[in-house]
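# Observations on chain architecture
Letter by letter, the chains look like this.
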Amino acid sequence: LMTAFVLYTFGTNSILFLRVPYWSDSGVPADWLSLGVASDPFVVMGLTVVFGYLAERYSLASLNLLGGVARLVSMLPMLVVSPSALWVFAHTLPWGLGSAGMVTGQNLAIPPYFGRRSQGAIRGFTAPVMIGAGAISPPLAGWLIDSQVLSQHTTFILAGFLMLAA
């Protein structure tokens, strides 16, 4: 479970780090870019309530899968079309949907598998690993691009594969 979440965090944090400069370098106007990126936390806030409701009715694996697939689908506008203001929203809205699903699923995943008694110890062990993966991935992605080991496009594809593997 932790390996899947680490792979997923590694991929998604790279995307979060790279998406604004990618769109900015591609000519998306700053006002549309800021509005698009600012929209995804509001989508997450609204849909987290919905996913909380769904978590009482469907399996957590289904919620995590739905969240993961939504974030993976959100990568398509970054990979297959020429960047524009509208495509920023085509990315950030499903990204927000996926974030809500993953946040809800990750927070609720431990008790059904391991019980509530060990929840604190498990979170105490997994949190530093997850935070570390989230902290390492953006500078690593930036270094790979700046060193011309990978292009931004290839980095997005690699992040997508990490998310798919998770």
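The subject of this paragraph is helix 3 (residues 60-74). Its 15 residues give helix 3 an end-to-end C-alpha distance of 21 Å, which sits within 8% of 21 Å, the value for a rise of 1.5 Å per residue. All of the buried residues in helix 3 are Leu60, Leu63, Asn64, Gly67, Gly68, Ala70, Arg71 and Ser74. Projection of helix 3 onto a plane perpendicular to its axis shows the buried side chains occupying an angular sector of 160°, all on one side.

Within the secondary structure, Met75 sits in the loop between helix 3 and helix 4 (76-80). Residue Met75 is classed as buried on the basis of its relative accessible area, which comes to 1%. For the pair Met75 and Gly160, spaced 85 residues apart in the sequence, the C-alpha separation amounts to 7.2 Å. Non-local contacts of Met75, meaning those with residues more than four positions away in its chain, are made with Ile15, His91, Trp95, Phe156 and Met163.

We now examine the environment of Gly46. By the element assignment, Gly46 lies in helix 2 (residues 30-55). Among the residues examined, Gly46 registers a relative accessible area of 39% and is labelled partly exposed. Put simply, Gly46 and Ser137 are 91 residues apart on the chain and 27 Å apart in space, counted from C-alpha to C-alpha.

We now examine the packing of aromatic side chains. Within this structure, the stated rule accounts for two aromatic pairs. Relative to Phe156, the ring of Tyr22 has its centre 5.1 Å away and its plane inclined at 85°; by these criteria the two rings are edge-to-face. Taken as a pair, Tyr22 in helix 1 (residues 2-25) and Phe156 in helix 7 (residues 152-165) lie far apart in primary sequence, 134 residues in all. Accessibility assignment for this pair places Tyr22 and Phe156 in one class, buried.

What follows covers the packing of helix 5 (residues 85-114) against helix 6 (residues 119-146). Two numbers describe how helix 5 lies on helix 6: the axes approach to 11 Å, and their chain directions differ by 135°. With respect to each other, helix 5 and helix 6 are oriented oblique. Seen from above, helix 5 lies across helix 6 with right-handed handedness. In this structure, helix 5 contributes Gln106, Asn107, Leu108, Ile110, Pro111 and Phe114 to the contact, and helix 6 contributes Gln119, Ile122, Arg123 and Met130. Split by residue class, the contact of helix 5 with helix 6 holds six nonpolar, three polar and one charged.

Taking 1.5 Å per residue, 14 residues should reach 20 Å; helix 7 reaches 20 Å between its end C-alpha atoms and fits that length. Among all positions of helix 7, only Thr155, Phe156, Ala159, Gly160 and Met163 are buried. Projection of helix 7 onto a plane perpendicular to its axis shows the buried side chains occupying an angular sector of 140°, all on one side. Counted as exposed and oriented over 90 degrees from the buried face of helix 7: Phe161, Leu164 and Ala165. Close packing links the buried residues of helix 7 with helix 1, helix 3, helix 4 and helix 6.

Time to look at the confidence of the model for the chain. Per-chain confidence: the chain averages 88 in pLDDT, with 100% of residues scoring 70 or above. No element of the chain has a lower mean pLDDT than helix 4, at 84, and none a higher one than helix 2, at 91.

Below, the discussion takes up the packing of helix 1 against helix 5. Taken N-terminus to C-terminus, the directions of helix 1 and helix 5 make an angle of 155°; their axes are 13 Å apart at the nearest point. By the angle between their axes, helix 1 is roughly antiparallel relative to helix 5. With respect to the hand of their crossing, helix 1 and helix 5 are arranged in left-handed fashion. In this structure, helix 1 contributes Phe5, Tyr8, Thr12, Ile15, Leu16, Arg19 and Trp23 to the contact, and helix 5 contributes Val88, His91, Thr92, Trp95, Met102, Gln106 and Ala109.

Rules used in this analysis
- Residues numbered from 1 in each chain as written.
- Predicted model: local features only at pLDDT ≥ 70, side-chain atom pairs only at ≥ 80, totals over all residues.
- Heavy atoms only, no water.
- Helix = DSSP H or I, 4+ residues; strand = E, 2+ residues; numbered from the N terminus.
- Expected span 1.5 Å × (residues − 1).
- Buried < 20%, exposed > 50% of the residue type's maximum accessible area, 1.4 Å probe, protein only.
- Arc of directions from axis to C-beta.
- Contact = heavy atoms within 4.5 Å.
- Phe/Tyr/Trp six-rings, centres within 6.5 Å; stacked < 30°, edge-to-face > 60°.
- Axes fitted to C-alpha atoms, helices over the stretch in contact; angles between N-to-C directions.
- Parallel < 35°, antiparallel > 145°, perpendicular 65-115°, else oblique.
- Left-handed = near helix turned anticlockwise from the far one by under 90°.
- Nonpolar A, V, L, I, M, F, W, Y, C, P; charged D, E, K, R; others polar.
- pLDDT = per-residue confidence, 0-100.

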